[in-house]
Amino acid sequence: MLRSQNLKVSKLVFKEILNAIKYYYGIIAIISIFFTGIFYYTAKNGSIEGSVNGFGFSALIFLFFTGMGFFKSSFGFTQANNVSRRSFYSGAIIGVVAASGAMAVFEVILNNVLRLFMPYESLMEMIYIRKDIFADILWSFTCFCLSLSIGWLVGMILYRLEGKIKTLLLVIPFLTVAVVGVIDEIFSLNIYYNIYLLLIRLLSLVDLNPYVAAMNLMLMSVLVIGLCFPIIKRMPLRG
């Protein structure tokens, strides 16, 4: 019974995210056609200049907001159908991982198709200066999984809060950045510089190794997903 519930939730989450992905790649297709036209025109006139860089960053932003959006509808639907919260959590993880994997494959296929029509580099190739399809898929998968997971966590937190408290939560990050910046300036703690160094190490930007970065990104995803369960356990039902 538990496995059946997990599977149903994973299919629900996967289909919801996949449906959003279809619209995203529809927009990317239109943009790609536009840039293809530009490069075709410049090539015809004998002056090809510049290149188009990876759409991977826009994919990360898209998945973050998709992660924020899928929780509300899927959680309410599963609770109305007597699915346990543990089953919802397990099934949602499977859905998030499956959707991240599917989009990573779509992204790499898109990258290689676009190269047929224009000078093009994927986000992984831009950062790590190497062409490796397997590394591209793995790195993209872990990036997408982390982005979806963070979006899922933020979506749950916003869903749990109400009114003015929700507005305050949206303002707090900006206030925190400003306050920490002032404290850093006064006491010379180099907080942001140390955060920068940590990110450099986590993303392996010194050794330029996408496999090490993918491992660290996966560990970060596991951490974020782990934070989701205690919130789900105490999540109130709305409407």
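Here the structure is a predicted model, which is why all the values come from computation and not from measurement. For every chain, the first residue of its written sequence is number 1, and the numbers climb from 1 along that sequence. Per-residue local features of the predicted model are confined to residues with pLDDT of at least 70, and side-chain atom pairs are confined, for both listing and counting, to 80 or more; whole-chain, interface and lining totals are unaffected and use all residues. The side-chain quantities take in all heavy atoms of the structure and omit both hydrogens and water.

Here's the deal with the overall build of the protein chain
- What counts as a helix is a DSSP run of H or I of at least four residues, what counts as a strand is a run of E of at least two, and both are numbered from the N terminus. What the protein chain contains, in helices and strands, is eight helices and two strands.
- Helices and strands in the protein chain line up, N terminus first, as α-β-α-α-β-α-α-α-α-α.
- Taken across its 239 residues, the protein chain has 38% of its residues classed as buried.
- Here the open area of atoms and residues is found with the Shrake-Rupley method and a 1.4 Å probe, where only the protein chains shown may cover a residue. When the accessible surface of the protein chain is summed, it comes to about 13900 Å², and 71% of that surface belongs to carbon and sulfur atoms. Categorising residues by exposure relies on relative accessible area from a 1.4 Å probe, with only protein chains included: less than 20% of the type maximum marks a residue as buried, more than 50% marks it as exposed, and the intermediate range marks it as partly exposed.

Some points on the environment of Val105
- Relative to the helices and strands, Val105 resides in helix H3 (residues 85–114).
- For the pair Val105 and Phe134, spaced 29 residues apart in sequence, the C-alpha separation works out to 9.9 Å.

A look at the packing of aromatic side chains
- Only rings of Phe, Tyr and Trp enter the pairing, Trp through its six-membered ring, and a pair is recorded when the two centres are within 6.5 Å. The plane angle decides the type: under 30 degrees is stacked, over 60 is edge-to-face, the rest tilted. Scanning the model with the defined rule gives 15 aromatic pairs in all.
- A centroid spacing of 4.6 Å and a plane angle of 20° characterise the contact between Tyr24 and Phe62, whose relative ring orientation is stacked. In this pair, Tyr24 is assigned in helix H1 (residues 2–44) and Phe62 in helix H2 (residues 56–80), connecting sequence segments 38 residues apart. Residue Tyr24 shares its accessibility class with Phe62, and that shared class is buried.

Focus on the environment of Lys72
- Along the polypeptide, Lys72 turns up in helix H2.
- Given the relative accessible area of 57%, Lys72 is considered exposed.
- In this structure, the C-alpha to C-alpha distance between Lys72 and Tyr159, residues 87 residues apart in sequence, is 7.1 Å.

Quick word on the packing of H3 against helix H8 (residues 210–233)
- Only the contacting stretch of a helix is used when fitting its axis, a line to C-alpha atoms as for every element, and angles between N-to-C directions run 0 to 180 degrees. It is at 10 Å that the axes of H3 and H8 come closest, and there the two elements cross at 155°. Judged by the angle between their axes, H3 and H8 are roughly antiparallel. For H3 against H8, the interelement crossing comes out right-handed. Together, Arg85, Arg86, Phe88, Tyr89 and Ile93 of H3 and Ile225, Gly226, Cys228, Phe229, Ile232 and Lys233 of H8 make up the contact between the two elements. Reported orientations rely on four angle classes, namely roughly parallel under 35 degrees, roughly antiparallel over 145, roughly perpendicular from 65 to 115, and oblique for the rest. Should the near helix be turned anticlockwise from the far one by less than a right angle, the crossing is termed left-handed; should it be turned clockwise, right-handed. It only takes one pair of heavy atoms within 4.5 Å for two residues to be counted as in contact.

Topic: the side chain of Ser100
- Secondary-structure assignment places Ser100 in helix H3.
- Those residues in contact with Ser100 that lie beyond four places of it in its chain are Phe141, Phe144, Cys145 and Leu148.

With respect to the nonpolar core
- Within this scheme, the nonpolar core is defined by two criteria: the residues are buried Ala, Val, Leu, Ile, Met, Phe, Trp, Tyr or Cys, and they are joined through side-chain atoms within 4.5 Å. Counting residues in hydrophobic clusters, the biggest one holds 52 residues, and the most contacted among them are Phe71, Met103, Trp152 and Met156.
- Counting only elements with at least two residues in this core, the list comes to H1, H2, H3, helix H4 (123–128), helix H5 (133–160) and H8.
- Top element by residues in this core is H5. It accounts for 12 residues.
- Ignoring sequence-local partners within four residues, the contact set of Phe71 consists of Gly76, Phe88, Trp152, Met156, Tyr159, Ile232 and Met235.

Re the environment of Met235
- With respect to the helices and strands, the residue Met235 is situated in the segment after H8.
- For Met235, a relative accessible area of 1% corresponds to the buried category.
- For Met235 and Ile157, which are 78 residues apart along the polypeptide, the C-alpha to C-alpha distance reads 9.1 Å.
- Residues contacting Met235, with those up to four places away along its chain left out, are Phe71, Phe75, Arg85, Met156, Tyr159 and Arg160.

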